[in-house]
Amino acid sequence: MSKNKNANTLLRQQTLLKFIPANAGIKSADLLNKLKSEGFEVTQRTLQRDLEVLSQYFPIYSETDTKPYLWRWSGLGINRTHIDSISLTDALSLMLVEKSLQQLLPPAMQRHLQHNFEHSRRLLNTLKDSNSENDNAQWFDKVASVMPDIGFKPPSINDGLLTEIQGALLKDQTIVVSYLKTKNTTAVEYSLMPLALVQRGHVLYVIAQDITEGANTAQIKRFAMHRFQTVTRIHEQGNRPQNFNLQQYLQDGAMQFGNGDKLALKAIVTEELAFYLNESPMSDDMKIIQSEDGAYQLSATVINGWQLNWWLRGQGANIEVLAPQELRTRMRDNLRKTMEIYGPS
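Here, residues in each chain are numbered from 1, in the same order as that chain's written sequence. With pLDDT at 70 or above as the cut-off, local features in this predicted model cover only qualifying residues; side-chain atom pairs require 80 or more to be listed or tallied, and sums for whole chains, interfaces and linings still use all residues. Computation of side-chain values covers all heavy atoms of the structure but excludes hydrogens and water.

**Q** Quick rundown of the overall build of the chain? Include the residues and the values.
**A** Under the scheme used here, helices are H or I runs from DSSP no shorter than 4 residues and strands are E runs no shorter than 2 residues, and both carry numbers assigned from the N terminus. Secondary structure assignment for the chain yields 10 helices and 12 strands. Burial classification: accessible surface area is computed with a 1.4 Å probe over protein chains only, and a residue below 20% of its type maximum counts as buried, one above 50% as exposed, and the rest as partly exposed. Out of the 345 residues belonging to the chain, those deemed buried represent 35%. Should any heavy atoms of two residues lie within 4.5 Å, those residues are considered in contact. Here the analysis covers contacts within the chain between residues at least 6 apart in sequence; of these, 59% occur between residues at least 24 apart. Calculation of accessible area relied on Shrake-Rupley with a 1.4 Å probe; when residues are assessed, cover is drawn exclusively from the protein chains displayed. Counting every atom, the chain has about 21,400 Å² of accessible surface; 50% of that belongs to carbon and sulfur.

The structure is reproduced here in structure tokens:
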């Protein structure tokens, strides 16, 4: 038997052991379906052979009192932590999320997962180059996640500073930082109460309460992780605001860089843009109606923030903002400035 064949058989049998419950028994037909869900195309005969082999080395057995026979662990096998391992599906999932998890998890959790990452990588490398009977082993080479941009590189992050912030966030401790604000050349000192880490595209943000001027005037702000110059943890328990909820904070549009206010957008869009917006609506109440003159009239309730302005400017001649008037004026002024830069044709 080839090395790759051995590796595939070992993985299949290891996965099979994980599916056998400690208390309630399981039918062999159910075990077969579970193996198939993991990508192992095996027959009932192969399954029975695997179970017979495993029963010689592990305390598993088949109840023969009633039919269908049920496989279970004996009392000696209740503690199964020594054989629990990563399934092929687990390995594929871990490899797909490894990069983002490294920034969002504190070091202690990363160290706990590092073995799983390495195990997953070895497992996939062992199987993907073989003529494995498991098609799932090739999946990682057939899927990818990319950013919808022109290839911007992520900003450089100081791992030591990130570790300090993660530690303070985990323990609800305050930090004193020096932070380089946009367009500034000199760092500004802040006292912060970290509340969350949010990955937005290539940029990792620290959501924190600015307590520099005291708790009475504290506001929740966004800080780009790569702009921190120094971070000092104050190893005392901070006062995390009880009314802060991360999911509500995101739902209110904070990461669209606005104050959470919404506006009723009305615009004329081209047929091409209307097509894409119908595929991926910009709000739950969005409507696009084609008028008698053939124009596509867009209406949608959207969050009024920097993200909206950025998107509108990027659409160029594909959209004409009709309302609100303030937004239409802002778009017109921006286009006028753009024309001044490019000059007459």
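There is more to say, and it comes next.
**Q** Outline the environment of Thr212, supporting the account with residue identities and numerical values.
**A** Checked against the element boundaries, Thr212 lands in the loop between strand E6 (203-210) and strand E7 (219-224). Overall, Thr212 belongs to the partly exposed group, its relative accessible area being 32%. Each C-alpha atom, one on Thr212 and one on Val176, is 8.8 Å from the other, the two residues being 36 residues apart in sequence. At 3.0 Å, the side chain of Thr212 forms a polar contact with the backbone nitrogen of Ser191. Pairing of N or O atoms within 3.5 Å defines a polar contact, subject to two protein rules: one partner must be a possible hydrogen donor and the other a possible acceptor, and residues neighboring in sequence count only if both atoms are side-chain atoms.

**Q** Any chance you could break down the sheet that holds strand E10 (residues 287-290) for me, citing the residues and the numbers?
**A** Note on pairing: two strands pair once DSSP finds at least 2 bridges between them. The strand order across the open sheet built from four strands is E10-E11-E9-E12, with neighbouring strands paired in antiparallel fashion. Every other strand in the sheet has two partners, leaving E10 and strand E12 (319-323) as the edge strands with one partner each. Averaged over all neighbouring strand pairs, the angle between strand axes comes to 35°, with direction disregarded. Two elements, strand E9 (residues 258-269) and strand E11 (residues 296-305), share nine bridges in a ladder whose sense is antiparallel. For Ala267, the partnering residue across the bridge sits in E11 and is Leu298. Think of each axis as a best-fit line through the C-alpha atoms, taken over the contacting stretch in the case of a helix, with angles from 0 to 180 degrees between the N-to-C directions. In the packing of helix H10 (residues 325-342) onto the sheet, contacts are made with E9, E11 and E12, and the angle to E12 comes to roughly 145°.

**Q** An account of unusual backbone geometry is requested, with residue identities and associated values reported.
**A** Going from Ala323 to Pro324, the amide bond is cis rather than trans, its omega being 0°. On the secondary structure map, Pro324 appears in the loop between E12 and H10. The backbone phi angle of Lys183 is positive, close to 70°, even though this residue is not glycine. Within the secondary structure, Lys183 sits in the loop between strand E4 (173-179) and strand E5 (188-200). Of the residues examined, Lys183 reaches a relative accessible area of 83% and is grouped as exposed.

**Q** Explain the pairing of E10 residue by residue, including any values.
**A** Bridging between E10 and E11 involves four bridges; their strand directions are antiparallel. Across the sheet, residue Ile289 finds its bridge partner in E11, namely Gln297. Hairpin geometry of E10 and E11 is characterised by an intervening segment of five residues between the two adjacent antiparallel strands and by a positive phi of about 95° at Gly294.

**Q** Residue-level account of the packing of helix H9 (residues 306-315) against H10, with values.
**A** Where H9 meets H10, the axes come as close as 11 Å, and the angle between the chain directions of the two elements is 50°. Taken together, the axes of H9 and H10 are oblique relative to one another. The handedness of the crossing between H9 and H10 is right-handed. Where H9 abuts H10, its residues Leu308, Asn309, Leu312 and Arg313 lie against Leu327, Arg330, Met331 and Asn334. Our angle categories are set so that under 35 degrees counts as roughly parallel, over 145 as roughly antiparallel, 65 to 115 as roughly perpendicular, and the remainder as oblique. Crossings are assigned a handedness: left-handed for a near helix turned anticlockwise from the far helix by less than a right angle, right-handed for a clockwise turn.

**Q** Go over helix H6 (residues 159-171), please, and point to the residues and values.
**A** The terminal C-alpha atoms of H6 lie 18 Å apart, and with 13 residues this matches the ideal 18 Å at 1.5 Å per residue to within 8%. Among the residues of H6, Leu161, Leu162, Ile165, Gln166, Gly167 and Ala168 are the ones counted as buried. A positive phi of about 55° marks Asp172, the residue just after H6. Expected span, for any helix, means 1.5 Å times one less than how many residues it has.

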